[in-house]
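Structure assessment
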Amino acid sequence: MADVIRRIEEIEYEMSKTQKNKATSGHLGLLKAKLAKLRRELITPKSQGGSGSVDSFEVAKTGDSRIGFVGFPSVGKSTLLSNLAGVYSEVAAYEFTTLTTVPGCIKYKGAKIQLLDLPGIIEGAKDGKGRGRQVIAVARTANLIFIVLDVLKPLGHKKILENELEGFGIRLNKTAPNIIFRKKDKGGINLQTMVPQTELDLDLIKTILGEYRIANADITLRCDATVDELIDVVEGNRSYIPCIYLLNKIDQISVEELDIICKIPHTVPISAHHKWNYDDLLDKMWQYLQLVRIYTKPKGQLPDYEAPVVLQKEKCSVEDFCDKIHRTILKELKYALVWGTSVKHQPQRVGIAHVLNDEDVVQIVKSVK
């Protein structure tokens, strides 16, 4: 592990000393590919036979969605969890009060959302400092990340935390690049570009793939891709997670300073201690989670508006709805009746591929055997 970290530091130093221009793009691309391979070793270290297992901060996943609180020590994560979920997480004025993951749960707009107060991370966490890799590994399983920042030093901490998460394969508030990558047995590297490329060309792509010992592949670039995006696709282990930056302790600054800081994208100013601006935080949380609530309607009865079936926006078809209730329903399904914004007629008969909208009402009709 120490050898991997040393090699990472050497490559990062070499990259910082290399000028960025067209002549050095191939060399920099090769260094970035080597760096990504070494980082993968840190993310998934090789198991050592006979050695004791490393303690994990993972907790069982419950509810419809999961949110991880990430931040430096003593920025107010535990206070925020205690106020939102009513869960006791030790709070004190000194750093590293929270030494393990503390779970909580809130119910908001009918959805059960699990909150995880993760131990504070420090600079160098992605390289294993302060057990940071275990903390960030739990953050990778979240549907949304709350980065809690001290409002007196937000930008410096924000940059460091983003670098730590990026180094561990987490891409914040980004979507996966529109790149199609397929390995094959023969035929060399075949490149297709749908839009003009400012950074990548065939020689640079061959250099990067050569580091991975890939000599035969089909690549289609449907966006103006960067070297980093191509490496992310080749690695295939990146997590694209939405993130909200919580600027905590706003009671310690002036209104004028607050107006300036609020111009940072994806931010919500709060005071965890005084419980200020929690309504805005919950509204933004709901917007970023992109959950879809579906109400069930038994035949001849009114819809059940108290306990909706909650789905993710990218998986909200009738088939996903049936699977969420019970996997055997799909085998017995004849069709579904839907009321709501996803259909033209009220009700409308639909099949399993129909995509549902938020707050649709669904009645399952089973086939008679």
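Residues numbered from 1 in each chain as written. Predicted model: local features only at pLDDT ≥ 70, side-chain atom pairs only at ≥ 80, totals over all residues. Heavy atoms only, no water.

**Side note on the confidence of the model for the chain**
When pLDDT is averaged along the chain, the result is 85; 89% of the residues meet or exceed 70. Segment residues 49–54 is flagged for pLDDT under 50; beyond a separation of four residues in sequence, or across chains, it makes one contact in the model. Within the model, pLDDT remains below 50 along residues 92–98, and this stretch shows 17 contacts once partners closer than five positions in the same chain are excluded. (pLDDT = per-residue confidence, 0-100. Contact = heavy atoms within 4.5 Å.)

**Focus on the sheet that holds strand 10 (residues 243–248)**
The six strands are arranged 2-3-1-4-10-11 in an open sheet whose pairing can be described as mixed. At either end of the open sheet lies a strand with only one pairing partner, and these are strand 2 (102–108) and strand 11 (267–269). Neighbour to neighbour, the strand axes of the sheet diverge by 25° on average, direction disregarded. Relative to strand 3 (residues 111–117), strand 1 (residues 65–71) runs parallel, the two sharing five bridges. Within strand 3, the residue paired with Gly 68 across the bridge is Leu 116. (Pairing = 2+ DSSP bridges. Helix = DSSP H or I, 4+ residues; strand = E, 2+ residues; numbered from the N terminus. Axes fitted to C-alpha atoms, helices over the stretch in contact; angles between N-to-C directions.)

**Concerning the pairing of strand 7 (residues 189–193)**
Summarising the sheet, strand 7 and strand 8 (residues 217–221) pair through five bridges and their orientation is parallel. Note on strand 8: the bridge partner recorded for Leu 191 is Ile 219. Crossover strand 7 to strand 8 through helix 6 (residues 202–211) is left-handed. (Right-handed = clockwise from strand over helix to strand, strands pointing away.)

**Remarks on the packing of helix 3 (residues 77–85) against helix 9 (residues 278–289)**
Orientation of helix 3 relative to helix 9, taken along the N-to-C sense of each, is 85°, at an axis distance of 13 Å. With respect to each other, helix 3 and helix 9 are oriented roughly perpendicular. Only Tyr 278, Leu 281 and Leu 282 of helix 9 make contact with helix 3, whose side of the interface consists of Leu 80, Asn 83 and Leu 84. Residue composition of the contact of helix 3 with helix 9, grouped by class: five nonpolar, one polar and no charged. (Parallel < 35°, antiparallel > 145°, perpendicular 65-115°, else oblique. Nonpolar A, V, L, I, M, F, W, Y, C, P; charged D, E, K, R; others polar.)

**Examining the nonpolar core**
By size, the foremost hydrophobic cluster in this structure holds 58 residues, and its most contacted members are Ile 145, Ile 147 and Met 285. Looking at which element gives the most residues to this core, the answer is helix 9, with seven residues. Those residues in contact with Met 285 that sit more than four places away from it in its chain are Ile 67, Ile 106, Tyr 108, Ile 113, Leu 144, Phe 146 and Ile 244. (Core = buried A, V, L, I, M, F, W, Y, C linked by side-chain atoms within 4.5 Å. Buried < 20%, exposed > 50% of the residue type's maximum accessible area, 1.4 Å probe, protein only.)

**Observations regarding the packing of helix 6 against helix 7 (residues 227–235)**
Where helix 6 contacts helix 7, the axes come no closer than 11 Å and their chain directions differ by 40°. When the axes of helix 6 and helix 7 are compared, the pair comes out oblique. Crossing handedness for the pair helix 6 and helix 7: right-handed. In contact with Leu 204, Ile 205, Ile 208 and Leu 209 of helix 6, helix 7 contributes Val 227, Leu 230, Ile 231 and Val 234. A per-class count over the contact of helix 6 with helix 7 returns eight nonpolar, no polar and no charged. (Left-handed = near helix turned anticlockwise from the far one by under 90°.)

**A look at the environment of Val 338**
Tracing the backbone through its elements, the reader meets Val 338 in strand 14 (residues 333–339). Residues Val 338 and Val 362 lie 24 residues apart in sequence; the distance between their C-alpha atoms is 4.7 Å. Contact partners of Val 338, with chain neighbours within four places excluded, come to Val 343, His 345, Gln 346, Pro 347, Gln 348, Val 350, His 354, Leu 356, Asp 360, Val 361 and Val 362.

**Focus: helix 3**
Most of helix 3 is tucked away, with seven of its nine residues classed as buried. Of the residues making up helix 3, those classed as buried are Lys 77, Ser 78, Thr 79, Leu 80, Leu 81, Leu 84 and Ala 85. Of the surrounding secondary structure, the elements contacted by the buried residues of helix 3 are strand 1, strand 2, strand 3, strand 4 (144–150), strand 10 and helix 9. In the stretch just after helix 3, Gly 86 is the one whose phi turns positive, near 70°.

**Comments concerning the side chain of Asn 237**
With respect to the element layout, Asn 237 can be found in the loop between helix 7 and strand 9 (239–241). Among the polar contacts listed, one links the side chain of Asn 237 to the side chain of Arg 238, at a separation of 2.8 Å. (Polar contact = N/O pair within 3.5 Å; in protein donor to acceptor, adjacent residues only side chain to side chain.)

**So, the packing of aromatic side chains**
As enumerated under the stated definition, the model contains three aromatic pairs in all. Between Tyr 108 and Trp 286 the ring centres are 6.0 Å apart and the planes differ by 65°, which places this aromatic pair in the edge-to-face class. Taken as a pair, Tyr 108 in strand 2 and Trp 286 in helix 9 lie far apart in primary sequence, 178 residues in all. Of the residues examined, Trp 286 reaches a relative accessible area of 10% and is grouped as buried. A centroid spacing of 4.9 Å and a plane angle of 70° characterise the contact between Tyr 295 and Tyr 305, whose relative ring orientation is edge-to-face. (Phe/Tyr/Trp six-rings, centres within 6.5 Å; stacked < 30°, edge-to-face > 60°.)

**Let's talk about the pattern of salt bridges**
Under the counting rule described, the total for this entry stands at 16 salt bridges. With a shortest N-O distance of 3.6 Å, Asp 3 and Arg 7 are connected by a salt bridge. Of the two residues, Asp 3 and Arg 7 both sit in helix 1 (residues 2–17), four residues apart, roughly one turn of that helix. Under the relative-accessibility criterion, Asp 3 is labelled partly exposed at 37%. We classify Arg 7 as partly exposed; its relative accessible area is 33%. Glu 211 serves as the salt-bridge partner of Lys 37, at 3.4 Å between the closest nitrogen and oxygen. Of this pair, Lys 37 sits in helix 2 (residues 25–43) while Glu 211 sits in helix 6, and the two are 174 residues apart along the sequence. (Salt bridge = Lys/Arg side-chain N within 4 Å of Asp/Glu carboxyl O.)

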